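Examination of the molecular architecture
These are the residues of each chain, in order.
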Amino acid sequence: MDQQIDAVRMGWLPFYPQFNENPIEVIRRAEQEGAKTEAEIKDWVVTQIKNRRLRFAVEDPDASENWPRVWIIWRANAILSSAKGHEFFLKHYLGTHDNSIAEEVAKGSVQEALWREPARKGKMDLVVDLNFRMDTSALYSDIVLPSATWYEKDDLNTTDLHSYIHPLSAAVPPCWESKTDWEIFKALAAKVSALSPRQFPVPFRDIVATPLLHDTVDDLAQPGVKGWYRGECEPVPGKTMPHLSVVERDYASLYHKFCSLGPRFKEEGVEERGIHIPIGDLYDRFAASAPKYEWDGREYPSLVEAIDAANTILRFGPETNGEMAYRSFEARERETGLKLTDLARDNRGIHYDFETLKAQPRRILTNACWSGITNGGRPYSSYCQNIERLVPWRTLTGRQHLYLDHEAYLAFGENLPTFKPRITAEASLNLADSRAEGECLMLNCLTPHGKWHIHSTYSDDLRMLTLSRGIEPFWLNDKDAARIGVRDNDWVEAYNDNGVIVTRAVVSARIPAGVSLFYHAPERSIAFPKSPLRRNRRGGGTNSVTRLRLKPVLMAGGYGQHCYRFNDYGPAASDRDTYVLVRKLPGKPQW
Ligand SMILES: Nc1nc2c(c(=O)[nH]1)N[C@H]1C(S)=C(S)[C@@H](COP(=O)(O)OP(=O)(O)OC[C@H]3O[C@@H](n4cnc5c(=O)[nH]c(N)nc54)[C@H](O)[C@@H]3O)O[C@H]1N2
Ligand SMILES: Nc1nc2c(c(=O)[nH]1)N[C@H]1C(S)=C(S)[C@@H](COP(=O)(O)OP(=O)(O)OC[C@H]3O[C@@H](n4cnc5c(=O)[nH]c(N)nc54)[C@H](O)[C@@H]3O)O[C@H]1N2
Ligand SMILES: [Mo]
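Everything quoted here is computed from the prediction, not taken from an experiment. (Residues numbered from 1 in each chain as written. Chains lettered and ligands numbered in written order. Predicted model: local features only at pLDDT ≥ 70, side-chain atom pairs only at ≥ 80, totals over all residues. Heavy atoms only, no water.)

What follows covers the overall build of the protein. Along the backbone of the protein there are 18 helices and 20 strands. Split into buried and exposed, the 591 residues of the protein put 47% on the buried side. When contacts within the protein are restricted to residue pairs at least 6 apart in sequence, long-range pairs at least 24 apart make up 70% of them. Summed over its atoms, the accessible surface of the protein is roughly 29,600 Å², and 53% of this surface lies on carbon and sulfur atoms. Put simply, the protein has 75 plus and 79 minus side-chain charges, and the middle of one group is 3 Å from the middle of the other. (Helix = DSSP H or I, 4+ residues; strand = E, 2+ residues; numbered from the N terminus. Buried < 20%, exposed > 50% of the residue type's maximum accessible area, 1.4 Å probe, protein only. Contact = heavy atoms within 4.5 Å. Areas by Shrake-Rupley, 256 points an atom, 1.4 Å probe, with all protein chains shown as cover. Lys, Arg positive; Asp, Glu negative; His and termini not counted. Charge placed at Lys NZ, Arg CZ, Asp CG, Glu CD.)

Okay, the sheet that holds strand β1 (residues 70–74) next. Spatially, the three strands line up as an open sheet ordered β1-β2-β3, and their pairing is parallel. Each edge of the sheet is formed by a strand with only one pairing partner; in this case those strands are β1 and β3 (143–146). Ignoring which end each strand starts from, the neighbouring axes of this sheet average 15° apart. Inspection of the sheet shows β1 paired to strand β2 (residues 126–131) by five bridges, in the parallel sense. Directly across from W74, in β2, lies its bridge partner L130. (Pairing = 2+ DSSP bridges. Axes fitted to C-alpha atoms, helices over the stretch in contact; angles between N-to-C directions.)

A few words now on the site of ligand 1. Surrounding ligand 1, one finds 28 residues, the nearest of these being S82, D135, K153, S456 and N543. Between S81 and ligand 1, the recorded distance is 2.8 Å, taken from a side-chain N or O atom to an oxygen atom. Looking at the shell around ligand 1 residue by residue, the class counts come to six nonpolar, 14 polar and eight charged. (Near = heavy atom within 4 Å. Polar contact = N/O pair within 3.5 Å; in protein donor to acceptor, adjacent residues only side chain to side chain. Nonpolar A, V, L, I, M, F, W, Y, C, P; charged D, E, K, R; others polar.)

All residues in the neighbourhood of ligand 2 are listed as L446, P448, H449, G450, K451, H453, I454, H455 and R576. Between a nitrogen atom of ligand 2 and a side-chain N or O atom of H449, the distance comes to 2.8 Å. H455 is positioned with one of its backbone polar atoms (N or O) 2.8 Å from an oxygen atom of ligand 2. When grouped by side-chain class, the residues that make up the shell around ligand 2 number three nonpolar, four polar and two charged.

This part is about the pattern of salt bridges. For the coordinates displayed, the defined rule picks out 41 salt bridges. A salt bridge links R230 to E232, with the nearest nitrogen and oxygen atoms 3.0 Å apart. You can call R230 partly exposed: its relative accessible area is 42%. Exposure remark for E232: the relative accessible area of 39% places this residue in the partly exposed category. (Salt bridge = Lys/Arg side-chain N within 4 Å of Asp/Glu carboxyl O.)

A few words on helix α1 (residues 2–9). Because the α-helix completes a turn every 3.6 residues, residues three or four places apart line up on one side. Of all the eight residues making up α1, seven are buried; the element is thus mostly covered by neighbouring parts of the structure. Considered for burial, the residues of α1 that qualify are D2, Q4, I5, D6, A7, V8 and R9. Following α1 by one or two positions, G11 has its phi on the positive side, about 80°.

Applying the stated criterion to the full structure yields five cavities of 30 Å³ or more. Considered as a void within the structure, the largest cavity measures approximately 200 Å³ in volume. Lining the largest cavity are 16 residues; nearest its centre among them are S459, L465, G470, I471 and E472. In the lining of the largest cavity, the residues fall into 10 nonpolar, four polar and two charged. If you add up the space inside the second largest cavity, you get close to 80 Å³. In terms of lining, the second largest cavity is formed by V8, L13, P14, F15, Y16, Q18, F56, A209, T210, P211 and P242. (1 Å grid on protein atoms, 1.4 Å probe; cavity = no way out; pocket = protein on both sides within 12 Å on 5 of 7 lines; lining within 4 Å. Points joined across faces, edges and corners; volume = space filled by probe spheres on them.)

As structure tokens, then:
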């Protein structure tokens, strides 16, 4: 936690809420004290932070002004699948009953975080979920916004794990009250616009802190680790602390902005992985043929329909517009002095729109924002451009790094690839308060990705539930099972301080002794009997027995390739590994 706080102060990681004060109020106070221009406001804020009159919210996470109140969940099963430490989310975020028995242990060992007792429960005021399934998160939400399925809407889908762009197209209209995701967000934008004049001064200014970002000059911001809050240097936004920006908000116009493309987009162009692509002329050409949206006396390309949004992305993505791909290489040529545009020359005239994709899924075009070369039907493989065309790697030196000289890596002894033995059960504190009950075995519990589902999706239809025991089973070694009298298909109870699982055992010599597997991530609503050990409350899924543990070196930033990037580089958790005690379930499963 202390490391996390340092990381936010130094601009290594983002954290929301940002400050212990509403950022709108921060600006109001600055103005009252005479700061007017953006530069004056930023100076004022830096002084406040330096003198500790304004604090980062992360420093005191249990203060009521410092936690988020509203949680909108979209395209995730956040309270089950991604919630490493599901039971703690139930306790601290929702305040419902939960199966954890873990004692708080950080007291006395955290120095930077303010410790408050008792730990706060039920922090969220409102949880909203957009989904077409009544998944676990939807069941725990205050409001469910039913969304259209993949056959009821026009949408695009892709991933960096393959090279295809998939269109989803509406074969039938959305059922009952459900709406497409686009229509739901548009309706929310309209409502916010209508309500905001009553709630906000129009327009108003807001102060935003942004971490030091990868693929920008921020890569060179911090040659060494120095903490301004320890007096080791001055707090300088964008150097020794996060960037600060003053942003003008006009929520009353949110709906119009949602529905229109521009004007900043036209002026500022597209930026990705250190590449800036000007698009002014392409914007004008697009605007001439695209459906129009009018507001504020001007005409813009319309984003009213989901298909408009899809076509906009396809038109300005270097993956789907050959001209954009070509320009991405022009930008990379300017940066590197290499000759690269030949990689996009033959595709320059290609442009996929939604109709083209509906006729046939297409692969992404070779472009400088990705590192593969897929010309001539070649399969996608990353880093071809770096290896074959000597484009510098996006690291500090432009080469691949074996040695990491970031001081945080040195401090943790991970500056070179290192063997680290697995954490012991004792040190993991996963079993500090759990007692062995009867014939009982301690096992390492891994929660890898399911073979018969993608996370929590696709396993809950009748056909899948008829296969492979119709349940997410608990896999353990045959000799281990014999020691606790468990035969194949018997019910077992696996538990630790974090939570509990009750399910059927799969006994198999394919599982190494001492290890168990419980695949990620069955819904809590399917075939989960009650747990005698946890006061007959219903057991949980994979993340009932896990607990979030952040790896501190992954918080390190401000230096070369260690800089933060949204959805790319930030702390991952050791989420697939925990310890459990396992026993045969006494009696019959209770539902
Ligand atoms: N213990 C443990 N925890 C893990 C992992 C692990 O291995 N072990 N793996 C981690 C990893 S790598 C990942 S990626 C996360 C995954 O975690 P999540 O992304 O939270 O998991 P999913 O279950 O895939 O949730 C996706 C949800 O989106 C909904 N959905 C799908 N398409 C649409 C759509 O078009 N519109 C709307 N509105 N909803 C849609 C689905 O119905 C589903 O409920 O879990 C992480 N957590
Ligand atoms: N069927 C299916 N396919 C999927 C997904 C899905 O949910 N279902 N999810 C997709 C997503 S979002 C992701 S992120 C990927 C994840 O795909 P992978 O990264 O392949 O993830 P896992 O299958 O969770 O884990 C891989 C292996 O790591 C082993 N392992 C566990 N702990 C350790 C350890 O300490 N050391 C070593 N060396 N090995 C260990 C596990 O036993 C497992 O066999 O899969 C993608 N593909
Ligand atoms: Mo993932």
